Amino acid sequence: MDILGIDIGGTGIKGAPVNISTGKLRAERLRVLTPRPATPVKVAKAVKTIARHFNWRGAIGVGFPGIVQHGRVITAANLHKAWVGESAQALFHKATGAAVQVVNDADAAGLAEMRFGAGRRRKGKVLLLTFGTGIGSALFVDGKLVSNTEFGHVQIRGKAAERRASDAIRTKKKLGWKKWARRVQEYLNHMVLLLSPDLIIIGGGAAKDYQKFAKYIELPVEMIPAQNGNLAGIVGAALAGRNVSKKTRAKK
Ligand code: BGC
C-alpha cells in the first residue's frame, strides 16, 4: 500500500508517496521551504501543495517538529507559537481532504529506521537522535516506541541541548566538525548516563555528514548513522499514516 509521507521541518517541508511494505519512495520527493512565519495556515498550505503535486487521494502521514498528542500540537519550538493547542490533524485534513495522521517528526524517523534501517531487528533500548534545525529523539524499548520523548530539550550548561548542539547551530556558529563533535559528545554522554541505551542511531540532516564528525566521538555504546538518512522522516510519517488508513477502512 502507498501512503503519502510528509516531513515538516524547521527549514524544509518534504513529501513523497511511500510503499509502506518496502519503505521505498514511489516518486522523487518534493521539498518546499518552510514558510516564515511558520503559522498553521501557511504550513497547511504547504502540505496542500505537496498533496496536490502528487495528485494524492489516499491517506497521508505527517511528521511534525513538536510534541503531538492525538493529533493536537502541544509544543512547536521551531515553528510559530500559534501552533500550540492547534489540531494539526484536523487542519491538514481540511487542507487536503485526506485522512491524516500526525506524529512527532523524530518518532516518525525512528519508526522508519526500526522497520527498514539501522534499528532493524534490534532489541533492548534503541535511541534515535535527529540533528537538524533542532534535536529530535525517538526511544524504542524492544522495538516499541515511547513517543514524544523530547530529549533535545534536556539542559546542557544551562541551555536546551538543541540550542548548543543541533546541526543548525553548527552552521550558524560556523563550527568545524571537530568543535561541533565536542558539543555532540557532551550531549551524548549525558544521554548515555540517563538512559544506558544499547544502540544510538544518528539521523536528521547530519546523518549524511556522519563520517565527518563521528570519528571524533567516543562512547561506551554502539553508535551508527540512520540508513534512510534524511528520508527516514518521510518514510516514517507514511508508516504512521498506515494507522489512519486502517481506521478509515474499518469505518467503511
Ligand atoms: C522539537 C521536537 C522535534 C525536534 C526535531 C525540537 O525542537 O521540540 O519535537 O522532534 O525539534 O525537529
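Residues numbered from 1 in each chain as written. Predicted model: local features only at pLDDT ≥ 70, side-chain atom pairs only at ≥ 80, totals over all residues. Heavy atoms only, no water.

With that settled, consider a positive patch on the surface. Taken together, the side chains of Lys42, Lys45, Lys48 and Arg52 define a basic patch exposed on the protein surface. Considering the arrangement of structural elements, one finds Arg52 in helix H1 (residues 40–53). Exposure remark for Arg52: the relative accessible area of 61% places this residue in the exposed category. (Patch = residues over 30% accessible without salt bridge, like charges linked within 9 Å, V, L, I, M, F, W, Y side chains within 5 Å. Areas by Shrake-Rupley, 256 points an atom, 1.4 Å probe, with all protein chains shown as cover. Salt bridge = Lys/Arg side-chain N within 4 Å of Asp/Glu carboxyl O. Lys, Arg positive; Asp, Glu negative; His and termini not counted. Charge placed at Lys NZ, Arg CZ, Asp CG, Glu CD. Helix = DSSP H or I, 4+ residues; strand = E, 2+ residues; numbered from the N terminus. Buried < 20%, exposed > 50% of the residue type's maximum accessible area, 1.4 Å probe, protein only.)

Time to look at the pattern of salt bridges. Evaluated as defined, the whole model comprises 9 salt bridges. Each of Arg157, Arg164 and Glu186 takes part in a single network of salt bridges with overlapping partners.

Neighbouring the ligand are Pro65, Gly66, Ala77, Asn78, Asn104, Asp105, Ala106, Ile135, Gly136, Glu150, His153 and Glu162. The backbone of Gly66 places a nitrogen or oxygen atom 3.2 Å from an oxygen atom of the ligand. One of the side-chain N or O atoms of His153 is found 2.8 Å from an oxygen atom in the ligand. Across the complex, the protein chains shield 94% of the 310 Å² of accessible surface that the ligand would expose by itself. Secondary-structure elements contributing two or more residues to the shell around the ligand are helix H3 (105–116) and strand S10 (135–141). (Near = heavy atom within 4 Å. Polar contact = N/O pair within 3.5 Å; in protein donor to acceptor, adjacent residues only side chain to side chain.)

The next point concerns the pairing of strand S4 (residues 30–33). Of the two faces of S4, the one lined by Leu30 and Val32 is fully buried and the one lined by Arg31 and Leu33 carries no buried residue. Both strand S2 (residues 12–19) and S4 contribute to a ladder of 4 bridges, which runs antiparallel. Opposite Ile13, over in S4, you have Val32 as the bridge partner. (Pairing = 2+ DSSP bridges.)

Here we take up the environment of Val146. One can find Val146 in strand S11 (residues 144–146). The class for Val146 is partly exposed, based on a relative accessible area of 37%. Expressed as a C-alpha distance, the spacing of Val146 and Asp107, which sit 39 residues apart in the sequence, is 8.5 Å. Excluding residues within four positions of it along the chain, Val146 makes contact with Asp107, Leu139 and Val141. (Contact = heavy atoms within 4.5 Å.)

Turning our eyes to something else, we now look at unusual backbone geometry. A cis geometry characterises the amide bond from Arg36 onward to Pro37, with omega recorded as -5°. You can see Pro37 is positioned in the loop between S4 and H1. At Asn55, a residue that is not glycine, the phi angle is positive and equals roughly 50°. Inspection of the secondary structure assignment puts Asn55 in the loop between H1 and strand S5 (60–64). Taking the relative accessible area as the measure of exposure, Asn55 reaches 53% and is therefore exposed.

The next thing to look at is the pairing of strand S8 (residues 100–104). With 5 of 5 residues buried, S8 is to be regarded as a mostly interior element. Of the strand pairs in this sheet, S5 and S8 are connected by 5 bridges, and their pairing is parallel. Its bridge partner being in S8, Gly61 is matched across the sheet by Gln101.

Let us look at the environment of Gly203. In this structure, Gly203 sits in strand S14 (residues 199–203). The spacing of Gly203 and Ser137 is 66 residues in sequence and 9.4 Å in space, taken between C-alpha atoms. Gly203 has contacts with Leu129, Thr130, Phe131 and Ala226, leaving out every residue within four places of it along the chain.

Right, let's get into the packing of aromatic side chains. Counted under the stated rule, the structure contains 8 aromatic pairs. Taken together, a centroid distance of 6.0 Å and an interplanar angle of 20° make the contact between Trp177 and Phe213 stacked. Taken together, the positions of Trp177 in helix H6 (residues 177–195) and Phe213 in helix H7 (residues 210–214) put the pair 36 residues apart, joining distant regions of the chain. Ring geometry for Tyr210 and Phe213: centres 5.7 Å apart, planes at 70°, overall edge-to-face. Here the residue Tyr210 and the residue Phe213 both occupy positions in helix H7, the gap between them amounting to 3 residues, near one helical turn. Each member of the pair Tyr210 and Phe213 is classed as buried. Here a set of aromatic residues connected by ring pairs shows up, and it is made of Phe131, Trp177, Trp180, Tyr187, Tyr210 and Phe213. Directly above the aromatic system of Phe116 lies the positively charged group of Arg115, at a separation of 6.0 Å from the ring centroid. Here Arg170 stacks its cationic end above the ring of Trp180, 5.9 Å away from the centre of that ring. (Phe/Tyr/Trp six-rings, centres within 6.5 Å; stacked < 30°, edge-to-face > 60°. Lys NZ or Arg CZ within 6 Å of the ring centre and 35° of its normal.)

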